[in-house]
Amino acid sequence: MEVEALRSHFSLLFFSFSVSFVVFAVLVELLRIRPWWCNCAVCQAYLTLSWAADFDNLCDWYTHLLRTSPTRTVTVHVLGCTVTANPDNVEHMLKTRFDNYPKGKPFATILGDLLGRGIFNVDGDLWRFQRKMASTELGSAAVRAFASRTVAAEVGGRLLPLLEVACECGRVLDLQDVFQRFAFDNICKISFGLDPGCLELSLSMSEFAAAFDKATRLSARRATRTIPLIWKAKRFFNWGSERELREAIGLVDLLAKEVILQRRKLGFASDQDLLSRFMGCVDNDKYLRDIVVSFMLAGRDTIASALTSFFMLLSRHPAASTAIRDEVELIVGNSQALPSSDQLRKMHYLHAAICESMRLYPPVQFDSKFCLDDDVLPDGTFVRKGTRMTYHVYAMGRMEDLWGSDWAEFRPERWLRHTGAFTPESPFKYPVFQGGLRVCLGKEMALMEMKIVIASVVREFDVDVIEGNRPPKFEPGLTAIFSGGLAARVRRRKGGASLSGLDALRWC
């Protein structure tokens, strides 16, 4: 009996030692790959948050670092991340060595609970399948015409009447919230073929929107942690922020489930919405849920962010507002109808103003890939296998060597030829819509949506942002969201929009 007891005791000790050794070895390897501590000035500032003494936003600190770097590239060792604002490096990542810079498994793990196998979180066959399906639909003339009609109906039937009501009541609006609701309604109709009003939800739409915002914010926060094991352990034990994230994603799942259920009830005969096309060849509700959430992220948050920033800048620059109004009136004339697609294409100054706004305030401030094999960037920076490689869109719009000494000015004219025609920039100098094989498929549709909103609103109203000259402070997240929203008053310029669109009151 004693021998057996000793043998059992020895086996337990050996097993404990083996497990401890394995855990120790894994930790040593992780620390070797990504040191949790570094004495360089950049890492010290990041770890101690000392950068916050001089900068309101992390993106502004990164801009400062990249502007002062001779190569426009810096490395944050404790994050295992190299950040660049060099167009040559961006082209290298997105085009020349595209296969060496996928989204990667680490990125998929960080956002996997929220985005799952959606198009923004996958590589390989899954990415190609979703991109091919979306490309076919978004490139269709019928779908584009349907999207244009949908956006015009939302603007004329809900957005303009809401602004009219705000004028009459003297009410202060949160433009960011208004644009988020507007963009969500549009993405539901265009991508899912559904009116949000038909969804049978147990909670209010504002509660689901808050859950979506929290889920994106907490998911993005994972990427800022220097020791990923910590958030993974919190997720395993369902603690703290990871518990909040799980609860928020649970509400997002409910919303996505209801969207799929309602689309299934209506059938898939429609050839206009994206979800019907996917449901026709995907028989997996979890996969469909991931697709729905990805479209919500793309269609709601990015459009709302771009419009919010635009009207903040327009409030600061009344001359630009006048120029847009003059262009709209020149092309549309006295017609009370909203601008048509053909008319929008002729609005070169408006197009330039939108691009200039997104140069200074891109909806997605940075994008990351992971390096598969050791590489050397065009600027000479060595990138080790497994490094997170980030190009910083926000910083690139603030580089003097890219945009000149007047880079800080909102000047739409920099995008116009002497004839007044809009002139695009290289997607690697201006990667707001990415570039190369992953260039944004929804670019033209997004520009169309923003043009209709801006042309229609500026024609009828003056928008005065309260404390509009104060630099924005951003919430941490996947898209650029203003902390506290954007408070504004709206003044009618003339006749104004019809109040027949009482659906607008649903946004109040």
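Residues numbered from 1 in each chain as written. Predicted model: local features only at pLDDT ≥ 70, side-chain atom pairs only at ≥ 80, totals over all residues. Heavy atoms only, no water.

- If you check an unreviewed UniProt entry, the protein chain appears there as Cytochrome P450 from Musa troglodytarum.
- If you open the UniProt record of the protein chain and go to Cofactor (unreviewed entry), you find "heme". (UniProt positions renumbered as here; feature names shortened; annotations may be inferred.)

## Here we look at the UniProt feature "binding site: heme" (unreviewed entry) in the protein chain
- Sequence positions flagged by UniProt for "binding site: heme" (unreviewed entry) are, in local numbering, Cys440.
- Residue classification places Cys440 among the partly exposed residues on the basis of a relative accessible area of 33%. (Buried < 20%, exposed > 50% of the residue type's maximum accessible area, 1.4 Å probe, protein only.)

## Some remarks on the sheet that holds strand S11 (residues 487–492)
- As summarised here, the arrangement of the three strands in space is S3-S11-S8, forming an open sheet in which the pairing is antiparallel. Two strands lie at the open edges of the sheet, namely strand S3 (173–174) and strand S8 (461–465), each paired on one side alone.
- Where S3 and S11 come together, two bridges link them in antiparallel fashion. Considered in S11, the bridge of Asp174 is made with Ala487.
- Packing against the sheet, helix H7 (residues 141–169) makes contact with S3, S8 and S11, and its axis sits at approximately 90° to S11. (Pairing = 2+ DSSP bridges. Helix = DSSP H or I, 4+ residues; strand = E, 2+ residues; numbered from the N terminus. Contact = heavy atoms within 4.5 Å. Axes fitted to C-alpha atoms, helices over the stretch in contact; angles between N-to-C directions.)

## A closer look at empty space enclosed by the protein
- Inspection of every chain in the model, using the stated rule, returns two cavities of 30 Å³ or more.
- One number sums up the size of the largest cavity: a volume of about 50 Å³.
- Around the largest cavity, the lining residues are Leu159, Leu163, Leu175, Val178, Phe179, Phe311, Val457, Val463 and Val490.
- Counting only elements with at least two residues in the lining of the largest cavity, the list comes to H7 and helix H8 (175–192).
- It is H8 that provides the largest number of residues to the lining of the largest cavity, a total of three residues. (1 Å grid on protein atoms, 1.4 Å probe; cavity = no way out; pocket = protein on both sides within 12 Å on 5 of 7 lines; lining within 4 Å. Points joined across faces, edges and corners; volume = space filled by probe spheres on them.)

## As for the pattern of salt bridges
- Summed over the entire model, instances satisfying the criterion amount to 36 salt bridges.
- Linking Asp195 and Lys189 is a salt bridge whose minimum nitrogen-to-oxygen distance equals 3.7 Å.
- Beyond isolated ion pairs, a larger network of salt bridges with shared partners links Glu154, Arg158, Asp185, Lys189 and Asp195. (Salt bridge = Lys/Arg side-chain N within 4 Å of Asp/Glu carboxyl O.)

## Quick notes on the nonpolar core
- Within the largest apolar cluster, 143 residues are counted, with the highest numbers of intra-cluster contacts made by Phe192, Phe311, Ile324, Met358, Met450, Val453 and Ile454.
- In terms of residues, this core owes the most to one element, helix H13 (residues 285–316), which gives 17 residues. (Core = buried A, V, L, I, M, F, W, Y, C linked by side-chain atoms within 4.5 Å.)

## Quick word on the confidence of the model for the protein chain
- Here the protein chain averages 88 in pLDDT, while 88% of its residues score no lower than 70.
- The low-confidence segment residues 495–508 (pLDDT under 50) makes 34 contacts with residues lying over four places distant or belonging to another chain. (pLDDT = per-residue confidence, 0-100.)

## So, the packing of aromatic side chains
- Under the definition given, this model contains 17 aromatic pairs.
- Judged by centre distance (5.9 Å) and plane angle (40°), the ring pair of Phe98 and Trp127 falls under tilted. Here Phe98 is found in the loop between helix H4 (87–96) and helix H5 (104–115), whereas its partner Trp127 is found in helix H6 (residues 124–138), with 29 residues between them in sequence. The pair formed by Phe98 and Trp127 is uniform in burial state, with each residue classed as buried.
- Judged by centre distance (5.6 Å) and plane angle (25°), the ring pair of Phe179 and Phe311 falls under stacked. (Phe/Tyr/Trp six-rings, centres within 6.5 Å; stacked < 30°, edge-to-face > 60°.)

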